[in-house]
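Residue-level structure breakdown
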Amino acid sequence: MHPDVSWPFRPVLAHLAAEGSPTSFSLKSTRHDLLAEAHYAPRPDASERQTPFDVPSRTEIGEEFLPGGAVARMYETYERRPEQVAMATQVRDAISTSTYRAIEAGTGVGKSIAYLLPEVLFAKRNNITVGVATKTNALTDQLVSHELPALAAALPDGLTFYSLKGYDHYPCLHRLDRAVLDELPLGAVSSDGRSGSAVSADMLTAIAVTYAFACQSPDGDLDALGIRWRYVPRQMLTTTPGECLRSACPYFPNECLLHGARRRAASADVVVTNHSLLLRDVMAEGRILPPVEALGHRRGPRLRGRGAPPVGHRGFWRGIQDGLRDARWREDRRPAWDHGHSSSLEGSELIVRLLTKVAASVARAQVSVGDFFCVVHDLSSIAKGDTTYDNVSIWIDEGARQTPEWAAVSEAGNVCVERLEETTKLLGEAVEKLNEVAPQQGADLTESGGFLGNLLAGIRLICAGEDTSYVYSAQLSRSRRRIGQEKLCAEKIDVGADLASRWLPEMQSVVFTSATIAVGDDFSHFDHAVGLDLLPSGEHADIRLDSSFDFDASMSVIVARDLPSPYAGGYAQALEDLLFDVHVAMGGSVLTLFTNRRDMECAYEGLGPRLGEVGLEVVCQERGSSARRIRERFMAEKSLSLLALKSFWEGFDATGDTLRCVVIPKLPFASPNNPLVRERDLREERAWWRYSLPDAVIEVKQAAGRLIRTASDTGVLVLADPRLVQKGYGKAFIKSLPSHTCATLDAKNVGRYNRDVARFTQRVGRSPCLAEKPLT
């Protein structure tokens, strides 16, 4: 492959090719043979079932948690937890009555097995498929790699399960074949000073590894292959929902890794997916995931509009550029395959004329789209304080639409829409003619231009702004040199309403669960976010189960009461001094969670050298750094401390002495200039109390949950925002924390308190309660 590139693996593959069979290699045939041995029988759709379901009784569920039961057989040492049994019983009741549950179960309950066991028994007895949707792919992998295999081994008849992820997690075999023939897309990645040959070698290695993977594995995740994505554009090996050829693809459906996985998942007891794919399936009216009749949601609170990109339309300039580059159209050039194929086709002169028109139209559309986003960038001039450290966020409300700047955007958008309409029309004509004489070339052209329809729909929607179920915004880079990062967004304001009308009624039962759902004992915020409050009375229940851990004994909470306001002068220096005292008192192993990069980098600039002088090291989650590598280093170095952003507020598990203290400098309220916040404020009088406050309370609960991950963990939570004692809403945060061991101190005493807590903990193996507080 590509003999002009110096690729170290070429001699090996060339030798193997020379020694191999003289017949040509066919990935389709290889995949067909690989999958021929397995037989997958799709489960029947339970919605068509005429007889009642066979649901395990409460007694049967309870027996599986007794000594000798399935759960006990999963572990070498097992201790029955009443909260886990209670949760499993609630899941069973939801399935039995075709109702819904929101269950907040604290850390240590064992939520995964509590919802998996009743769902699995229900699936196996009725020969149907049940599902689990998680917030992150990491949690999906945890279920598929640990809990489900252990449960399968413990059940007499085992169980079958599959995980399903988004399009960008599976190799597109059609694009893989094209990648071998096309020029390598060197312009789609940053070389970072490396030679073109070195980057090309990385791309060729990725192609070879993906071929080997596709020949040996029936299914699997592309991320498991160790590809260096920094130098390999993902779109070279994957496709998108809008670009997928489906029935026009030679690998569809059986040999395709993505669609084949969906078909195989339809035969399983359990399908595990993520919230993003689930929401996309809801919007696609169930055409993505196989039918599931009972669903457990892990980390349910994140199923909200702000975290649901598939619900909205987005136009990305960089994505447009990548799409056009992938199509390989230019003003002076027809598609790359045209010269090699069209002259030998029947009606080739007509095809050439059509392709010439398509190429010219695409070139005009490319210019129009480029002009459009340049004008979009000029919207930054109407921003009124809507800035973060990196970007400008513009709320496109009626006021913004009356400005001359938006008039220019609207005018450019109209031109863009006309050009895209022309292009899609000509593209359709060319594809229709090609499909008559050369279906494969027609499929290639369809794939290359597949993104244009979504782009057209998105620009129409946002420029018109007539659909009031969305909030419209522009996210702009502050620097004109980074103009490629502009994006326009249309985001659903009320995801729960769509879920309540389009999805929940179609399910036999749905259970939402997390350690952080309620604000205190109030579930109303979450119930509204997922549509439970719109269901008929009696169809859902909210359940709160305490943690199996003794948080009062293992976690101390400190509120620094006399720091300046986070927005007042002197706060940065006061915070730095507090952090220094805390780090020294704890001897490191501190995680400080910031809400924005500017504050984090300011603190790190002064704190790092000061800690270095006393022999302690702190690292910062720098721009472009790998969160996974930072996590691994933090776990490996016992006394290392970390300043981090939102990616560490949840889903980060550090047990034992690796993490002994969590500091939250500022309460994580959404910016008042956030477009969604401003739209809600416009529509509702008490929107801040209904949305922003509960969101912030839940995020603080999630951050506090990083501290105690096992029954033997101990630690200190330091809250450095004085609004907790100065504002009435501060009580909502304190009451929602899992520990009631809370002390309110002056900042100068926090370090001393932490030092005494650390010594007390080392001596007796737990944190002191208020009555035993070492600080008098």
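Note that the structure is predicted; figures quoted are calculated from it, not measured.

Attention now moves to the packing of helix H16 (residues 404-437) against helix H18 (residues 451-464). Packed helix pairs are specified by the crossing angle of their axes together with the interaxial distance, meaning the distance between the axes. Two elements in contact, H16 and H18, have axes whose closest approach is 9 Å; the angle formed by their N-to-C orientations is 150 degrees. When the axes of H16 and H18 are compared, the pair comes out roughly antiparallel. The chirality of how H16 crosses H18 is left-handed. For the pair H16 and H18, contact is made by Trp406, Gly413, Cys416, Val417, Leu420, Glu421, Thr423, Thr424 and Leu427 and by Leu452, Leu455, Leu456, Ile459, Arg460, Ile462 and Cys463, respectively.

Another point: the packing of aromatic side chains. Under the defined criterion, the tally for this structure stands at 14 aromatic pairs. Between Phe25 and Tyr211, the ring centres sit 6.1 Å apart and the planes meet at 75 degrees, which makes this aromatic pair edge-to-face. Here the residue Phe25 occupies a position in the loop between helix H1 (10-19) and helix H2 (27-36), and Tyr211 occupies one in helix H9 (residues 196-216), the gap between them amounting to 186 residues. Among the residues examined, Phe25 registers a relative accessible area of 52% and is labelled exposed.

With an omega dihedral of -10 degrees, the bond running from Phe252 to Pro253 counts as a cis peptide bond. Among the structural elements, Pro253 can be located in the loop between H9 and helix H10 (257-265). Located in the positive-phi region is Asn127, a residue other than glycine, with phi close to 55 degrees. For Asn127, the position within the fold is in the loop between helix H6 (111-126) and strand S2 (130-134). Since its relative accessible area comes to 40%, Asn127 is described here as partly exposed. In this structure, Arg246 takes a positive phi of about 50 degrees despite not being glycine. For Arg246, the location among the structural elements is in the loop between H9 and H10.

What follows is about the sheet that holds strand S17 (residues 715-719). Read from one edge of the open sheet, seven strands run S14-S15-S13-S16-S17-S12-S18, paired in parallel fashion. Edge positions in the open sheet fall to strand S14 (618-620) and strand S18 (742-745), since each of these has one partner strand only. Here the strands of the sheet are splayed against their neighbours by 15 degrees on average, with no regard to which way each runs. Relative to strand S15 (residues 641-644), strand S13 (residues 590-593) is paired through three bridges, and the arrangement is parallel. Counted as the bridge partner of Leu591 is Leu642 from S15. Set on the sheet, helix H22 (residues 571-586) makes contact with strand S12 (555-560), S13, S14, S15 and strand S16 (661-664); between it and S13 the angle comes to about 155 degrees. Across the sheet, helix H23 (residues 597-613) lies against S14 and S15, angled at about 155 degrees from S14, the strand it touches most.

In terms of burial, strand S8 (residues 470-477) is a largely internal element, seven of the eight residues being buried. As paired strands, strand S7 (residues 391-395) and S8 are joined by five bridges and run antiparallel to one another. Across the sheet, residue Ile394 finds its bridge partner in S8, namely Ala474. Judged from the six bridges that link them, S8 and strand S9 (residues 487-492) form a sheet pairing that is antiparallel. Paired with Gln475 across the strands is Lys487, a residue of S9.

With that out of the way, let us pick up the state of the cysteines. Overall, the coordinates contain zero disulfides when judged by the stated rule. Among the cysteines around Cys172, which has no disulfide bond, Cys249 carries the closest sulfur, lying 5.8 Å off.

The subject of this paragraph is the nonpolar core. Core analysis: the biggest nonpolar cluster contains 64 residues, and Leu164, Ile207, Leu237, Trp503, Leu504, Phe512 and Leu532 have the highest contact counts within it. For this core, the secondary-structure elements that each account for two or more residues are strand S1 (100-105), helix H8 (173-181), H9, H10, helix H11 (275-283), helix H19 (495-502), strand S10 (509-514) and helix H20 (524-530). Per-element tally for this core: the top contributor is H9, with nine residues. Core analysis: the next-biggest nonpolar cluster, separate from the first, contains 44 residues, Leu355, Val358, Ile382 and Phe451 among them.

Following the sequence through the fold, Ser469 ends up in the loop between H18 and S8. Along the chain, Ser469 and Ala497 lie 28 residues apart, while their C-alpha atoms are 9.9 Å from each other. With near-sequence residues (within four places) excluded, Ser469 lies in contact with Glu491, Lys492 and Ile493. A distance of 2.7 Å separates a polar atom in the side chain of Ser469 from a polar atom in the side chain of Asp467.

A few words now on the confidence of the model for the chain. Residue-level pLDDT values for the chain average 83, and 87% of them are 70 or greater. Looking at the elements of the chain, mean pLDDT is at its lowest for strand S6 (residues 313-316), recorded as 36, and at its highest for helix H3 (residues 58-63), recorded as 96. Below a pLDDT of 50 lies the segment residues 304-344, which in the model reaches 104 contacts outside its immediate sequence neighbourhood of four places, other chains included. Confidence drops under a pLDDT of 50 for residues 770-776, and excluding neighbours within four residues, the segment shows 15 contacts in the predicted structure.

Attention shifts here to the pattern of salt bridges. Tallied over the full model, the rule gives 35 salt bridges. For Arg58, the salt bridge identified is with Asp93, shortest N-O distance 2.4 Å. Taken together, the residues Arg58 in helix H3 and Asp93 in helix H5 (residues 82-97) connect sequence positions 35 residues apart. Classification of Asp93 as buried rests on a relative accessible area of 10%. The salt bridge involving Glu576 is made with Arg610; its shortest N-O contact spans 3.1 Å. Placement of the pair is Glu576 in helix H22 and Arg610 in helix H23, with a sequence separation of 34 residues. Taking relative accessible area as the criterion, Glu576 reaches 11% and is therefore assigned buried. Residues joined by salt bridges that share partners form a network here, namely Glu104, Asp521, Arg544, Asp546 and Lys701.

Parameters and conventions
In every chain, residue numbers begin from 1 and rise along the written sequence. pLDDT decides what is reported in this predicted model: residues at 70 or higher carry local features, side-chain atom pairs at 80 or more are listed and counted, and totals for whole chains, interfaces and linings draw on all residues regardless. To obtain the side-chain values, all non-hydrogen atoms of the structure were included, while hydrogens and water were left out. Only the contacting stretch of a helix is used when fitting its axis, a line to C-alpha atoms as for every element, and angles between N-to-C directions run 0 to 180 degrees. A run of DSSP states H or I qualifies as a helix once it reaches four residues; a run of E qualifies as a strand once it reaches two. Both are numbered from the N-terminal end. An angle below 35 degrees is read as roughly parallel, one above 145 as roughly antiparallel, one from 65 to 115 as roughly perpendicular, and any other as oblique. If you view the pair so one helix is near and one far, a crossing is left-handed when the near helix is turned anticlockwise from the far one by less than a right angle, and right-handed when it is turned clockwise. Throughout, a contact is declared for two residues whenever any of their heavy atoms are within 4.5 Å. Pairing of aromatic rings covers Phe, Tyr and Trp, the last counted by its six-membered ring, and requires centre-to-centre distances within 6.5 Å; plane angles under 30 degrees mean stacked, over 60 mean edge-to-face, and any other angle means tilted. Each residue gets one of three labels from its accessible area relative to the maximum for its type: buried under 20%, exposed over 50%, partly exposed in between, using a 1.4 Å probe on protein chains only. In this analysis, strands are considered paired if DSSP registers two or more bridges between them. By convention in this document, the label disulfide applies to cysteine sulfur atom pairs within 2.5 Å. Residue types Ala, Val, Leu, Ile, Met, Phe, Trp, Tyr and Cys, when buried and joined through side-chain atoms within 4.5 Å, form a set referred to as a nonpolar core. Identification of polar contacts relies on pairs of N or O atoms within 3.5 Å, with a donor-acceptor requirement for protein atoms, meaning one able to donate a hydrogen and the other able to accept it, and with residues adjacent in sequence counted only if both atoms are side-chain atoms. Confidence scores per residue from the predictor, reported as pLDDT, run from 0 to 100. Any carboxyl oxygen of Asp or Glu that lies within 4 Å of a side-chain nitrogen of Lys or Arg is treated as forming a salt bridge with it.

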